[in-house]
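Report on the structure
Here are the chains, one letter per residue:
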Amino acid sequence: GGGGGRTGPDGRPRDGSPVPARARPHVVVVVPARELAAQVGRVARKMWKAARPGGSVAVAHGGVPLERHLAPLRRSDPEVLVCTPGRLREMLRGGHVSFE
């Protein structure tokens, strides 16, 4: 946020639309490595798109800044989350993902 785009310096949309406080995926696929997370994510997106048009799949793994994964989570509140254990733990501790 704060780069003059659609979000303000606090990361909230400038148009006032709500931002989900945390993603609430219906399905979580935990995989042991980031390369596998990317592969499973690609397949899951294809399958989910065919089964549930309009549904979304997010992929999160270590090796990149957490914020890179948070923006898509906030934008789409995905139904499926494919992630590595460490990144899932980080997102849960930070309150970015909930299973409630």
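Residues numbered from 1 in each chain as written. Predicted model: local features only at pLDDT ≥ 70, side-chain atom pairs only at ≥ 80, totals over all residues. Heavy atoms only, no water.

Quick word on the pattern of salt bridges
The tally for this structure, following the rule as stated, stands at 4 salt bridges. A salt bridge links Arg74 to Glu67; the nearest nitrogen and oxygen atoms lie 3.0 Å apart. One salt bridge connects Arg87 with Glu90, and the closest N-O pair in it is separated by 3.1 Å. A residue pair is termed a helical-turn pair when its members lie 3 or 4 positions apart in one helix, as Arg87 and Glu90 do in helix α3 (residues 85-93) at 3 residues. The exposure class assigned to Arg87 is buried, which follows from its relative accessible area of 6%. (Salt bridge = Lys/Arg side-chain N within 4 Å of Asp/Glu carboxyl O. Helix = DSSP H or I, 4+ residues; strand = E, 2+ residues; numbered from the N terminus. Buried < 20%, exposed > 50% of the residue type's maximum accessible area, 1.4 Å probe, protein only.)

Examining unusual backbone geometry
Residues other than glycine seldom take positive phi values, yet Asp77 does so here, at roughly 40 degrees. Mapped onto the elements, Asp77 comes out in the loop between α2 (66-76) and β3 (80-83). Residue classification places Asp77 among the partly exposed residues on the basis of a relative accessible area of 31%.

Observations concerning the nonpolar core
One finds Ala23, Ala58, Ala60, Leu66, Leu70, Leu73, Leu81, Cys83, Leu88, Met91 and Val97 forming the largest nonpolar core, which totals 11 residues. Residue contributions to this core peak at 3 residues, all from α2. With residues near it in sequence (within four places) discarded, Leu88 still touches Val28, Val30, Leu81, Cys83 and Phe99. In terms of nonpolar packing, the next biggest core, distinct from the first, is built from 7 residues, Val31, Val57, Val80 and Val82 among them. (Core = buried A, V, L, I, M, F, W, Y, C linked by side-chain atoms within 4.5 Å. Contact = heavy atoms within 4.5 Å.)

So, helix α1 (residues 34-51)
Its 18 residues give α1 an end-to-end C-alpha distance of 25 Å, which sits within 8% of 26 Å, the value for a rise of 1.5 Å per residue. Inspection of α1 places Ala37, Gly41 and Ala44 among the buried residues, and these make up the whole buried set. All buried residues of α1 lie within an arc of 75 degrees about the axis, which places them on one face of the element. Residues of α1 that are exposed and point over 90 degrees away from its buried face: Glu35, Lys46, Met47 and Ala50. On its buried face, α1 sits against β2 (57-60) and β3. (Expected span 1.5 Å × (residues − 1). Arc of directions from axis to C-beta.)

Observations regarding the pairing of β3
The alternating pattern of β3 places Val80 and Val82 and Leu81 and Cys83 on opposite faces, both of which are buried. Here strand β1 (residues 27-30) runs beside β3; their pairing, made up of 4 bridges, is parallel. Bridge pairing in β3 places Val28 opposite Leu81. In terms of strand pairing, β2 meets β3 through 4 bridges, oriented parallel. Within the sheet, the bridge partner assigned to Val57 lies in β3 and is Val80. (Pairing = 2+ DSSP bridges.)

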